[in-house]
Amino acid sequence: MKITRSKTSRLDQVDFENLGFGAGLSDHVFRAEYKDGQWDDGVIEPYGHLRQGLGLHALHYGQAVFEGQKAYKQADGGIAVFRPERNFDRINLSGERMCIPTIPKDLFMNGLMELIRVDRDWVPSGKNQALYLRPFTFASAEWVIAKASDQYTFGIVTCPVGELYSGAIKVKIEQEFTRATQGGVGFAKAAGNYGGSFLATRKAIEEGFSQVLWTDHKEHKFIEEAGTMNVALIINDVLVTPKLSDTILAGITRDSILTLVREWGIEVQERDITVDELLDSVKSGDLQEAFGMGTAAVISPINGFGYQGTVIDCPFKEDGMATRIKTALSDIRYGRVEDSHGWMHRI
Ligand SMILES: Cc1ncc(COP(=O)(O)O)c(C=O)c1O
């Protein structure tokens, strides 16, 4: 793989004491091109501009998918990525739905690992900090024909991040807009899913919420997932979470948490959850905790639900399940305990 190093670094422009989320991209990128039915070997090069013109296919038709994952500074000073094979599988699952050619495993893994090696100084070491990794593929033909592209670019950019939310959040149970429909692309990490959700999210934020809690497209009766995280409820000591379907993104954090919690002997139910059940369980006190689960959000306790113009507060226990899970996951991710699941891929 050809590696061209940046002549100057922007590392000194990063305020590691006050890392936000998603700005301040690292010095280098990985980039591979698909043409004539084949992927090339890819290159690492300084962060820079696209070479394409305004006919760029992805801009017109949204044929683009992406991933979100993290590399963590280990207790022994090394660096490790959390479950990267899962993101590899998912980008290809998303790609299949969006008519994007499969990315070979070597290309994905070698590109990712080599890029982190090159920008290893960008991996932050503060509490709850990580290097966010953003692999993505977009249609890169230049034409305005509404059909699948015959050229693609697979890129990876990275940036050091802190926590997305620092405390408990309130979410709005969405009753107007829809994120995903049966037979659609909701299970894929397709770029347009996010663009299509910004209006509802903006409205929710204007109303004082941090996120939307999406409901099904037919009746807005069943809860599905939040903007960038899956959701779980603890009801009478059972972890209850919406079962996966083609309208929900199968979160890698969700999968990891369900694995841990089951190992702890806690009952897990993956099933339909109605908005009524959720609200009734808050009112009756059966709901002990609610939280979101995702790479960016990690574990985000939910302390209120917005519904039809009112806010229904729900308990957040500092010493509850969300905190226990967060500690256990963090200990694995930062290499503070033995990685008995083989989740960490060391660089
Ligand atoms: C819509 C949506 N749901 C759920 C998740 C959580 O997925 P993961 O745990 O793999 O980050 C994300 C995160 O990217 C997301 O964007």
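If you're wondering where the values come from, they're calculated on a predicted model, not measured in any experiment.

Conventions and cut-offs
Residues numbered from 1 in each chain as written. Predicted model: local features only at pLDDT ≥ 70, side-chain atom pairs only at ≥ 80, totals over all residues. Heavy atoms only, no water. Near = heavy atom within 4 Å. Polar contact = N/O pair within 3.5 Å; in protein donor to acceptor, adjacent residues only side chain to side chain. Areas by Shrake-Rupley, 256 points an atom, 1.4 Å probe, with all protein chains shown as cover. Helix = DSSP H or I, 4+ residues; strand = E, 2+ residues; numbered from the N terminus. Domains from an automatic or database assignment. Buried area = accessible area lost by both parts, 1.4 Å probe. Salt bridge = Lys/Arg side-chain N within 4 Å of Asp/Glu carboxyl O.

Enquirer: What is the right way to look at the site of the ligand in this model?
Expert: Residues in contact with the ligand amount to 16 residues; listed here are only the nearest, Lys189, Tyr194, Glu225, Thr253 and Thr295. A distance of 2.8 Å separates an oxygen atom of the ligand from a polar atom in the backbone of Ile252. Between the ligand and Thr295, the relevant distance is 2.6 Å, taken from an oxygen atom to a side-chain nitrogen or oxygen of the residue. Bound to the protein, the ligand loses 97% of the 390 Å² it would expose on its own. Elements with a minimum of two residues in the shell around the ligand: α6 (252–263) and β16 (287–294).

Enquirer: Help me understand the domain arrangement of the protein chain in this model?
Expert: On domain assignment, one finds that the protein chain holds domain 1 (2–161) and domain 2 (169–333). One C-alpha centre belongs to domain 1, the other to domain 2; they are set 27 Å apart. Of the roughly 1800 Å² buried between domain 1 and domain 2 on both sides combined, carbon and sulfur atoms contribute 60%. The interface formed by domain 1 and domain 2 includes 2 salt bridges. We note a salt bridge from Arg86 to Asp255, for which the minimum N-O separation is 3.5 Å. For the side of domain 1 that touches domain 2, the elements supplying multiple residues, two or more each, are β5 (64–66), β6 (69–73) and α2 (84–97). In terms of residue count, the dominant contributor to the side of domain 1 that touches domain 2 is α2 (6 residues).

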